[in-house]
Amino acid sequence: MDTAEIVDLSSDDEGGEAGSRALHFDSDIASGAKQQNVTNRGHTPKHYRSRSHSNIQNSEENMSPSRPNSCHSCSGDLKQGLLPVGDDAGLSDSSPICAALPCRHFWKAGNYDNGLVPKVRVSNAGNYLNVHPLFLHSNATSHKWAFGAIAELLDNAVDEIQNGATYVIVDRISNPKDKSPALLIQDDGGGMDPEAMRRCMSFGFSDKSKFAIGQYGNGFKTGTMRLGADVIVFSRHLNNGILTQSIGLLSYTYMMQTQLDRIVVPMVHYQINTSSGSFGILNDQEHFISNLSIMLRWSPFTSEIELLKQLDEIGCHGTKIIIYNLWFNDDGNLELDFDFDTEDICIAGDIKEEVDALSSWETLNEQHTANRLRYSLRVYLSILYLRLPESFTIILRGQVVDLHNIADDLQYPEFILYKPHSSDESAVVTTIGFVKEAPEVNVHGFNIYHKNRLILPYWQVVSYLRSRGRGVVGVLKADFIQPTHNKQDFERTSLFAKLEHRLKEMTWEYWDSHCQLLGYQKKRPKSQVPIDTLPPKPPGFEIPVALNKSTYPHSTFEQVSPTKRKERHGSMDLHKMKKQTREQDFSTSVGCNDENIQTTACSEDQEEDQGTIHLIQVNTELHARCLEFEKTNEELCHKVTELRSKIQDAKIEYNSLLSQVHYQDLMLTCIIDGTPLAG
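The structure displayed is predicted, hence computed values, not measured ones.

## Observations concerning the overall build of the chain
Move 1: A tally of regular secondary structure across the chain gives 16 helices and 19 strands.
Move 2: Every one of the 679 residues in the chain was classed for burial, and the buried ones make up 47%.
Move 3: Summarising the internal contacts of the chain: among those between residues at least 6 apart in sequence, 72% fall at separations of at least 24.
Move 4: When the accessible area of the chain is evaluated, it comes to approximately 34,500 Å², of which 51% is carbon and sulfur surface.

Here it is as structure tokens:
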């Protein structure tokens, strides 16, 4: 056998099915595959019993958590001889562990200057646009943060909620070949049939709905390759009584060590008819054996029985992803730390271990969600999704992740409607308030979600060098802007820029009206400089009248130190003359028409000046309305005084009439009794 059926991700061939191609290997590679294929020829594999438990449990020894399994057992069928592969049934690989990549540091593993000489030749190469395996590494560099890569894979599981998914498991497992740590991500969604598996392993294919989180068809590749050099995927899909099982291997190590010149992914597919009990493979026998031999050599598993066992543990439907040969950091340790917390996965090097040595406020600050999410996966996953169905759970290291809504922790919250600058989008609600630990903690910014998925956590839209804006946190769902491919930022469009500008305004407005509640003192405006105190202007110099940053409302919160104040009064220069004139203009501009204001500011201040003029006009209108209210209040107070006077007069008249009635009653009593009236 000198051919192997694999999925070639660079295929552009016009004939046959796109993406599936028989590639011709050099004789040395092909002979190695033949030798592996006959390792256990004629040997019947030992039977193992499929486990069936009522609860989800973690098991590093068996590579995945146990779960209910009421579907067909592949391992049992293999023992009974139902696999139509002749003497090669129970194929296994007893070769030593394959050499790992010479460089296990992610940011150094994509070196193009390594003198690779491709050994693979493509028949009819004119129809191919080759994509070198190094592109897998280049593509994964879009994820600067390892947790962002894990979130990509969890997004796929969350998108499976519509297909019945009830959980996703994230756990540490052991590689059976070398006992090194590996990362497991498993869900019980609808799973993938062979065609869906091929699309998953390819680039740019996405048939998800517009409501799904994923949309680019690239997240699986970038996420897995950012976390480790290799990944093997198991999936079961049930449709109309037909159960398909697919296994795919995306191995950067395999392609680099064998010096392939393009991305190839070996796959094997099985099919079970649940009604008749028939079992078979969907590849032809020659290609099936070739693909399986590659898997057994380069995956964590050494026999087909072990591969089928992983499928049995999935259950009736679902997907299991195992990422192995995890990347190291610059210190030579695994980038993902599984030992610091047995119920968490951390990023090595970012963990804050010496919290006890910090002061109380520093400890409170370091333990806040905004800081811990950078190195604790459990904290990050707790806020990753704005809302999830109650039937769906995220299980990390055997413990359920408690979802947390950041908006629930805000004190003095307000809800502000924001209408995107797009006619086809409805207004979104922005929740804004002070973080509950304010003012002790130095945490602020907006948490922006897209389709319920956190994209920007605690995004700082303003400068917090002064106290103004400190502790202000917001939460909003922005489906009207598009995230970048790594889902850790948004595309910098005009819609995004307008949103950023409005969030700045929200921060200032909220702070201005609520800062006193936290004990901050609102700085009074500076006293206006009388015009007669201005120094004489230099000959031939005209002082421009302009509205700029000095008149912007937030100037009332600026703190000027005595030293700076002394420096300002120590010299009278042109800048100060302009500044004083602008302040004088601000004090006299309220109530004036726009025609009396001469704006000669520089071009970069014109937009802000127009905003300031608009604020002055609004302020004038509000002042006029206040005068009207004051006048109405005076009129009402006058009416109240008049009514009180009338009430007093009525009381006096009432008492007089009451006295008269009492006197008449007394006279009537004396007449009846014949008693003379006294006095």
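## Regarding unusual backbone geometry
Move 1: With an omega dihedral of 5 degrees, the bond running from Ala 438 to Pro 439 counts as a cis peptide bond.
Move 2: Take Pro 439: it is sitting in the loop between β16 (428-435) and β17 (445-450).
Move 3: If you check the backbone angles, Tyr 458 has positive phi at about 50 degrees while not being a glycine.
Move 4: Tracing the sequence through the fold places Tyr 458 in strand β18 (residues 453-459).
Move 5: On the basis of relative accessibility, which here comes to 10%, the residue Tyr 458 falls in the buried class.
Move 6: The backbone phi angle of Lys 487 is positive, close to 55 degrees, even though this residue is not glycine.
Move 7: Here Lys 487 is to be found in the loop between β19 (472-477) and α13 (494-514).
Move 8: The class of Lys 487 is buried, set by a relative accessible area of 5%.

## Examining the sheet that holds strand β3 (residues 167-174)
Move 1: If you walk across this open sheet you meet the 9 strands as β9-β8-β6-β5-β10-β4-β3-β13-β14, and the pairing is mixed. A single partner strand is all that each edge strand has here, and the edge strands are β9 (279-281) and β14 (399-400).
Move 2: Bridge count for strand β4 (residues 181-187) against strand β10 (residues 318-326) is 5 bridges, and the pairing is antiparallel. Across the sheet, Gln 186 pairs through a bridge with Lys 320, a residue of β10.
Move 3: Packed onto the sheet, helix α6 (residues 219-227) meets β4, β5 (228-239), β6 (242-251) and β10 and runs at close to 135 degrees relative to β5.
Move 4: Across the face of the sheet, helix α9 (residues 304-314) comes into contact with β4, β5, β6, β8 (267-273) and β10 while running at roughly 60 degrees to β5.

## Observations concerning the packing of aromatic side chains
Move 1: Inspection of the entire model under this criterion finds 14 aromatic pairs.
Move 2: Seen in terms of ring centroids, Phe 147 and Tyr 380 are 6.3 Å apart; in terms of plane orientation they differ by 15 degrees. Their pairing is stacked. Separated by 233 residues along the polypeptide, Phe 147 in helix α4 (residues 146-159) and Tyr 380 in helix α12 (residues 377-384) bring together distant segments of the chain. The burial state of Phe 147 is the same as that of Tyr 380; both residues are buried.
Move 3: Taking 4.6 Å as the distance between ring centres and 55 degrees as the angle between the ring planes, the aromatic pair formed by Trp 511 and Tyr 520 counts as tilted.

## Describing the pattern of salt bridges
Move 1: One pass over the structure, following the stated rule, counts 15 salt bridges.
Move 2: Between Glu 335 and Arg 226 there is a salt bridge, with its nearest N and O atoms 2.8 Å apart. Taken together, the positions of Glu 335 in the loop between β10 and β11 (336-337) and Arg 226 in helix α6 put the pair 109 residues apart, joining distant regions of the chain.
Move 3: Note on Glu 335: relative accessible area 14%, which makes it buried.
Move 4: Among the charged side chains, a network of salt bridges with common partners joins Glu 195, Arg 198 and Arg 199.

## Comments concerning the sheet that holds β19
Move 1: Here we have 5 strands laid out as an open sheet, ordered β15-β16-β19-β17-β18, and mixed in their pairing. Two strands bound the open sheet, and with one partner strand each, they are β15 (410-418) and β18. Averaged over all adjacent pairs, the angle separating strand axes in this sheet is 15 degrees, with direction ignored.
Move 2: Pairing of β16 with β19, which is carried by 4 bridges, proceeds in the antiparallel orientation. Each bridged residue has a counterpart across the sheet, and for Thr 431 the counterpart in β19 is Val 475.
Move 3: Here α13 sits on the sheet in contact with β15, β16, β17, β18 and β19, set at roughly 140 degrees to β15.

## A closer look at the nonpolar core
Move 1: Counting residues in hydrophobic clusters, the biggest one holds 132 residues, and the most contacted among them are Leu 183, Leu 250 and Ile 448.
Move 2: The element that contributes the greatest number of residues to this core is α4, accounting for 9 residues.
Move 3: Here Leu 250 is in contact with Leu 136, Met 201, Phe 220, Lys 221, Thr 224, Met 225, Ala 229, Asp 230, Val 231, Met 255, Ile 263 and Val 265, once residues within four sequence places are set aside.

## Overview of the packing of α4 against α6
Move 1: Two elements in contact, α4 and α6, have axes separated by 8 Å at closest approach and are oriented at 140 degrees. Relative to α6, the element α4 lies oblique. Our pair here, α4 against α6, has a crossing hand that is left-handed. Residues Ala 146, Ala 149, Ile 150, Glu 152, Leu 153 and Asn 156 of α4 touch α6, and the partners they reach there are Gly 219, Phe 220, Thr 222, Gly 223, Thr 224, Arg 226 and Leu 227.
Move 2: Looking at the contact of α4 with α6 residue by residue, the class counts come to 6 nonpolar, 5 polar and 2 charged.

## Focus on the side chain of Asp 171
Move 1: Residue placement: Asp 171 occurs in strand β3.
Move 2: A residue is classified by how much of its surface remains accessible, and Asp 171, at 5% relative accessible area, is buried.
Move 3: Here the side chain of Asp 171 touches Arg 397 through a polar contact of 3.4 Å, side chain to side chain.

## Structural notes on helix α8 (residues 285-298)
Move 1: Counted at 1.5 Å a residue, the expected span for α8 with its 14 residues is 20 Å, and the 20 Å between its end C-alpha atoms agrees.
Move 2: Most of α8 is tucked away: 11 of the 14 residues are buried.
Move 3: Within α8, burial applies to His 287, Phe 288, Ile 289, Ser 290, Asn 291, Leu 292, Ser 293, Ile 294, Met 295, Leu 296 and Trp 298.

## Structural notes on the pairing of β3
Move 1: Where burial is concerned, most of β3 is hidden: 8 out of the 8 residues are buried.
Move 2: Where β3 and strand β13 (residues 393-396) come together, 4 bridges link them in parallel fashion. For Ile 169, the partnering residue across the bridge sits in β13 and is Ile 395.
Move 3: Of the strand pairs in this sheet, β3 and β4 are connected by 7 bridges, and their pairing is antiparallel. Its bridge partner lying in β4, Ile 173 is registered against Ala 182.
Move 4: Between β3 and β4, which pair antiparallel and follow one another directly, the connecting turn spans 6 residues, one of which, Lys 179, has a positive phi of 65 degrees.

Cut-offs and rules
Residues numbered from 1 in each chain as written. Predicted model: local features only at pLDDT ≥ 70, side-chain atom pairs only at ≥ 80, totals over all residues. Heavy atoms only, no water. Helix = DSSP H or I, 4+ residues; strand = E, 2+ residues; numbered from the N terminus. Buried < 20%, exposed > 50% of the residue type's maximum accessible area, 1.4 Å probe, protein only. Contact = heavy atoms within 4.5 Å. Areas by Shrake-Rupley, 256 points an atom, 1.4 Å probe, with all protein chains shown as cover. Pairing = 2+ DSSP bridges. Axes fitted to C-alpha atoms, helices over the stretch in contact; angles between N-to-C directions. Phe/Tyr/Trp six-rings, centres within 6.5 Å; stacked < 30°, edge-to-face > 60°. Salt bridge = Lys/Arg side-chain N within 4 Å of Asp/Glu carboxyl O. Core = buried A, V, L, I, M, F, W, Y, C linked by side-chain atoms within 4.5 Å. Parallel < 35°, antiparallel > 145°, perpendicular 65-115°, else oblique. Left-handed = near helix turned anticlockwise from the far one by under 90°. Nonpolar A, V, L, I, M, F, W, Y, C, P; charged D, E, K, R; others polar. Polar contact = N/O pair within 3.5 Å; in protein donor to acceptor, adjacent residues only side chain to side chain. Expected span 1.5 Å × (residues − 1).

Shape descriptors only; they carry no functional weight alone.
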